Amino acid sequence: MQRDRMDWIWFGGLWVLFTAIGEVLALGLNLLPGQYAEEAKVVDDAYVLLIALSVPVFALVAAVLLTAMLRFRTRVGPDGPTEDGPHIAYNKRVVRGWFIGSISLVLLVVINPGLVGLSEIRGESSADMVVEVTSQRWLWTFGFENGAETTTELVLPVDKRVRFDITSLDVVHSFWVPAFRTKIDAVPGRVTELFVTPNREAEPEEDVANLRVQCAEVCGLGHARMGVPIRIVPEAEFDAWVANLAEGE
Amino acid sequence: MLKLPVIRAVIGGLVGYFVGSGLTLLFRGGSFTDEIVVVFGYVVGLIGWLLGVGVWNTWVREWFGLPPKPDELTGWQRYLGFSTDHKVIGVQYLATFIIVMLLGGLSAMVMRIELAQAGETIMSADRYNQLMSMHGILMVAVAVAGVLGSFGNYLVPIMIGADDMAFPRLNAVTYWLVPPVAIGLLSAPALGSFDAGWTAYPPLSVVNNGGQILFVLAVTTFGLSSIFGGLNILTTVATMRAPGMSWGRLPIFVWGAVSASIISLFVTQFFAASLILIGMDRTVGSAFFDASAGGDPLLYQHLFWFYSHPAVYVMVLPSFGVVLEVLTHMSRKPLFAYKAAVGAMLSIVGMSCIVWAHHMFTSGMATYLHGPFMFLTELISIPTGVIFLSALGTIWRGKLWMKAPLLLAMIWIFQFLMGGVTGIFLADVATDVQLHDTYFVVAHFHYTIMGGVIFGLLAGIHYWFPKITGRMYHERTGIIFAVWVGLAFQFTFIPQFWLGTNGMNRRVADYATELEGGNLLSSISAFVLGAGFLLLVGNMLWSARRGPPAGDNPWNASTLEWQISSPPPEHNFPHLPEIVGHPYGYGIAGARHAELVGVTTTTSEEDDQ
């Protein structure tokens, strides 16, 4: 019995230790790129919450594995194993505890960040302006309300809620902006919608990998390079840019 | 030469191909590379292949009232023939899929050379997309049939006390449908390859190069094989269990194989249907997925994932079985919460069919579907958690015999957990809209499919090697292999979680230079990982011929396959065994699983250290 208690102490100690180290690492290290939209916060908060919740789960399994490695190994002679472990085929308390733990964890995750996050990212459907996005292999075309069009860069005003109306002329593409933490497919014959509120001025050079519209659904030869840089500017500057763009045509 | 069935199969296949395509050309005109010509050539060629390999000599001769002429092959030639022995078929599957796995692994390493640095390094973006698609479909095939085809065939009949499968000839056909799949896929470059990934989303898969039609034909054939296999395993377990082998006494691996077979038998058709619709859009001018003619690209995605999500459980359920089996015998403890584990497997079967649209949160699918699919997907982690409970409860306070199979099974627990936990990030809509189609997904499914399925296969290969060959593998090499690939695997795929979170999308030959560090680390580790597999191949090839004789039951394990000789005799048991107890009676003095009559066992005098 004494030995049995020591096993549990080892396991409990390792679990607490791994959880503590894991949480410090997970919450201390900044694993995420810069946020450039209101909606990105919802996604990042969900991401961080899920990491925080998965650390103890991970630590539990790691603690059992390490306890087993350290305490349950047996030397087996040349004739093969002769001694068996105890005949523990079931333990009502452990199984019940496991079910209660896993079911409550799942329900928690389904509610928050699950349904809460879902309502936040898909909730409000009003917008200050609309950008029409047309994709084709391997080109993005952005159309603005004054009729201006561009394919070389996407410029957006800061703090305005933008609705993107997205479609495709050929195969399925996917409109992804890592800095906004969102994407939706561009599907031939459909118009898909995405709402984004850029909240920080930005030049694409700040974060080339994230401040871009990138195709995220494989579409053939030019798929990897089907990307356009994004610039976020004050509203007045945007108005001037889009007016200038319309005149230039 | 014609005595060797595989030669007859090749001749039959070639003759069939040219008859099929020639007749099509005769009636229709055109050229040999026209897709409709290829389709007819392939279908008739496939029939020719099967007739050549043995269907003519066995089945068809019987239909015409002639005596069947099965090939009398001995030694290694049996493995190139139309054998109806489930053990030969199991080895055929194992050898075939190890070769395919090594091919898929090589293609992955070539991809990692391209990805080690940003920019175009060794190949064009086109070539990269083709290689990536080939890697994907080859490895999916390995995962679907690697464990179920090899260990399912080899072990299920023995473990339930039967002399063979319920339909031995169908079993032979099931295996012999596999080589044409590999040939079809690998000859796709002749028609310009396919570049739409293993998922083959239209409209891309309708408008791309002609190699896509070979993908459609080959993968549909593979589906047929999978359906036959599922039917055979289910019928075998339902009807051929030895006296006393109640459902509650089935070894857990049999339950894994049964659960996976239920999915194979009932859901694979949806994948075949979706591919056939693509084939029709390509060849006969239908427009199922052409929006401008009233079709809908999303229709394909629903059909495709309706099979392809359950398919990951076809892959992983047998692997659950292997790992739980290894854990219980090598911890010398009964499987913890056996009934709960069986219940979990069956719940996974049911639930796997109602979660498919979590692959489609960013597809433009109606928003009201997101909540329910997120909920159902996250619910499936409860039965999956029970498998972990069973695994951990089994090793707790066991007498762990730290041999290579157990070490690999413990690495499996860690890796599959990683795959499962990161799966929650992809089931959650808010995080999925960022992570979908990025390297986060790539890392996630490599943890579940390579870390889960393939490591289960590796544990099983070591565990059952002495049974299949009669010889023991080299233990120290086995341990080094397990540690080597266990470490290299983490360093290959953990960086990819970070890459995906930081703006690297999947299926790209090129990426922003900011992401080079993580990619280089992943590439170097991938090479170390790939090199580690040489240890496995070397160990197995050497040990199969030179390893010390293992004896019948080197692990002193309780299930039926260890109670007969290594390798087992042709019909497994001289008399039907009688099952008198639960398979995992460890810790009860004198517990017996089965009474065997007429079996003489030998033990090895060699020290297996």
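Refer to the structure printed above.
Attention here is on the structure that accompanies the text. Sequence order as written defines residue numbering, which begins from 1 separately in each chain. All chains are assigned letters beginning at A, and all ligands numbers beginning at 1, according to the order in which they are written. The model is predicted, so local features are restricted to residues of pLDDT at least 70 and side-chain atom pairs to those at 80 or more, both for listing and for counting; the totals for chains, interfaces and linings are taken over all residues. Calculation of side-chain values draws on the structure's entire complement of heavy atoms; hydrogens and water are dropped beforehand.

## So, the overall build of chain A
Counting secondary structure elements, chain A contains four helices and 10 strands. Segments assigned H or I by DSSP are reported as helices when at least four residues long, segments assigned E as strands when at least two residues long, and all are numbered from the N terminus. Helices and strands appear in chain A in the N-to-C order α-α-α-β-β-β-β-β-β-β-β-β-β-α. Taken over C-alpha atoms, the radius of gyration is set against a globule rule of 2.2 Å times the number of residues to the power 0.38. Computed over the C-alpha atoms, the radius of gyration of chain A is 26 Å, more than 25% above the 18 Å expected from 2.2 N^0.38 for a compact globule of 249 residues. Only protein chains enter the accessibility calculation, which uses a 1.4 Å probe; a residue is then buried when its area is under 20% of its type maximum, exposed when over 50%, and partly exposed in between. Considering chain A as a whole, with its 249 residues, one finds that 51% of them fall into the buried category. Across chain A, the fraction of contacts at a sequence separation of at least 24, relative to all contacts at a separation of at least 6, is 73%. Positive and negative side-chain charges of chain A, numbering 21 and 33 respectively, have mean locations separated by a distance of 15 Å. Residue contacts follow a heavy-atom distance rule, with two residues in contact if any of their heavy atoms lie within 4.5 Å. Counted charges follow a simple rule, with Lys and Arg positive, Asp and Glu negative, and His plus the chain ends left uncounted. Every charge is mapped to an atom, namely NZ of Lys, CZ of Arg, CG of Asp or CD of Glu.

## Some thoughts on the overall build of chain B
Each helix and strand counted, chain B has 18 helices and two strands in total. For chain B, the spread of C-alpha atoms along the principal axes amounts to about 70 × 60 × 45 Å. Across the 609 residues that make up chain B, the buried fraction comes to 65%. Taking contacts inside chain B between residues at least 6 apart in sequence as the whole, the part at least 24 apart equals 80%. With residues, only the protein chains shown are counted as cover, and all accessible areas are computed by Shrake-Rupley using a 1.4 Å probe. A total accessible area of about 20200 Å² is found for chain B, and carbon and sulfur atoms account for 69% of it.

## Topic: the nonpolar core
The tendency in soluble globular proteins is for nonpolar side chains to be buried side by side. Counting residues in hydrophobic clusters, the biggest one holds 220 residues, and the most contacted among them are F151, L185, I252 and L327 of chain B. If one sorts the elements of this core by residue count, helix α10 (residues 297-331) of chain B sits on top with 19 residues. Not counting residues within four places of it along the chain, the set of residues in contact with L327 of chain B comprises A391, T394, I395, L406, A409, M410 and I413 of chain B. Buried Ala, Val, Leu, Ile, Met, Phe, Trp, Tyr and Cys residues form a nonpolar core when they are joined through side-chain atoms within 4.5 Å. If you look at the next biggest cluster of nonpolar residues, it comprises 59 residues, including F175 and A209 of chain A together with A118 and M504 of chain B.

## Focus on the pattern of salt bridges
All names here are of chain A. Whenever Lys or Arg places a side-chain nitrogen within 4 Å of a carboxyl oxygen from Asp or Glu, that contact is recorded as a salt bridge. Here the structure, examined in full by the defined rule, presents 21 salt bridges over all chains. When the shortest N-O distance is used, the salt bridge between R163 and E193 registers 3.8 Å. Taken together, the residues span a long stretch of sequence, with R163 in strand β5 (residues 162-168) and E193 in strand β8 (residues 192-196) at a distance of 30 residues. For E193, a relative accessible area of 39% gives the class partly exposed. In this structure, R231 and E237 form a salt bridge, with 3.7 Å as the shortest nitrogen-oxygen distance.

## With respect to the layout of surface pockets
All names here are of chain B. Empty space within the second largest pocket amounts to approximately 960 Å³. As for the second largest pocket, its lining consists of 30 residues, of which V91, A95, I468, T469 and A544 are closest to the centre. Of all the elements in the fold, those that place two or more residues in the lining of the second largest pocket are α3 (86-116), α16 (439-469) and α18 (516-546). Looking at which element gives the most residues to the lining of the second largest pocket, the answer is α3, with nine residues. Its residues assigned to classes, the lining of the second largest pocket comprises 22 nonpolar, three polar and five charged. A pocket, in this scheme, is an open set of points on a 1 Å grid over the protein atoms alone with protein on both sides within 12 Å along at least 5 of 7 lines, while a cavity is a set where a 1.4 Å probe fits but cannot get out; residues line either one if an atom lies within 4 Å of a point. Grid points are joined across faces, edges and corners, and a volume is the space filled by probe spheres set on the points. For this classification, the nonpolar set comprises Ala, Val, Leu, Ile, Met, Phe, Trp, Tyr, Cys and Pro, the charged set comprises Asp, Glu, Lys and Arg, and every other residue, Gly included, is treated as polar.

## Regarding the sheet that holds strand β4 (residues 154-157) of chain A
Residues and elements named next belong to chain A. Whether two strands pair depends on DSSP finding at least two bridges between them. The five strands lie next to each other as β4-β10-β9-β6-β7, forming an open sheet whose pairing is mixed. The open sheet has two free edges, formed respectively by β4 and β7 (182-186), since each of these has just one partner strand. When strand polarity is set aside, the average angle formed by the axes of neighbouring strands in this sheet is 25°. Here two bridges tie strand β6 (residues 173-177) to strand β9 (residues 212-215), and the two strands are oriented antiparallel to one another. Across the sheet, residue F175 finds its bridge partner in β9, namely C215. Interaxial angle, 0 to 180 degrees, is taken between N-to-C directions of lines fitted to C-alpha atoms, where a helix line uses only the stretch in contact.

## Looking at the packing of α16 of chain B against α18 of chain B
All names here are of chain B. Where α16 contacts α18, the two axes come as close as 11 Å, and the packing angle between them is 15°. With respect to α18, the element α16 is oriented roughly parallel. Of the two possible hands of crossing, α16 and α18 adopt the one that is left-handed. Residues M450, L458, I461, H462, F465 and T469 of α16 pack against L529, F533, L536, M540, S543 and A544 of α18. Considering only residue class, the contact of α16 with α18 consists of nine nonpolar, three polar and no charged. Orientation labels follow simple angle bins: below 35 degrees gives roughly parallel, above 145 gives roughly antiparallel, 65 to 115 gives roughly perpendicular, and whatever is left gives oblique. Two helices that cross are described as forming a left-handed crossing if the nearer one is turned anticlockwise from the farther one by less than a right angle, and a right-handed crossing if clockwise.

## With respect to the interface of chain A and chain B
Across the contact, 87 residues belong to chain A and 95 residues belong to chain B. Summed over both partners, the accessible area lost on bringing two parts together, with a 1.4 Å probe, is the buried area. Of the roughly 7700 Å² buried between chain A and chain B on both sides combined, carbon and sulfur atoms contribute 69%. Here chain A and chain B share five salt bridges between them. A salt bridge links K399 of chain B to E83 of chain A; the shortest N-O distance between them is 3.7 Å. A 3.5 Å cut-off defines polar contacts: any pair of N or O atoms within that distance qualifies, except that in protein one atom must be a possible hydrogen donor and the other a possible acceptor, and neighbouring residues in sequence count only when both atoms are side-chain atoms. Where chain A meets chain B, there are 24 residue pairs in polar contact (both at pLDDT 80 or more). Looking at the side of chain A that touches chain B, the elements with two or more residues in it are α1 (2-28), α2 (38-71), α3 (92-122), β6, β7 and β9 of chain A. Tallying contributions element by element places α3 of chain A first for the side of chain A that touches chain B, with 17 residues. In the side of chain A that touches chain B, the residues fall into 55 nonpolar, 17 polar and 15 charged.

## Digging into helix α5 (residues 168-176) of chain B
All names here are of chain B. Counting buried residues along α5, seven of its nine residues qualify, which places the element largely inside the surrounding structure. Within α5, burial applies to L170, N171, A172, V173, T174, Y175 and W176. Taken together, the buried residues of α5 touch α1 (5-28), α2 (35-63), α3, α4 (125-159), α6 (178-186) and α8 (211-239).

## Describing the sheet that holds β8 of chain A
Residues and elements named next belong to chain A. Overall, mixed pairing links the five strands, which are arranged β3-β2-β1-β5-β8 in an open sheet. Each having just a single partner strand, β3 (149-150) and β8 make up the two edges of the open sheet. Across five bridges, strand β1 (residues 129-136) lies against strand β2 (residues 139-143) in antiparallel orientation. In the sheet register, S135 faces β2, and the bridge partner there is W140.

## As for unusual backbone geometry
Look at the link from N112 of chain A to P113 of chain A: it is a cis peptide, with omega at 15°. With respect to the secondary-structure elements, P113 of chain A resides in helix α3. Note the cis peptide between P202 of chain B and P203 of chain B, where omega equals 5°. Relative to the helices and strands, P203 of chain B resides in the loop between α6 and α7 (204-207).

By themselves, these observations are geometric and do not establish any function.
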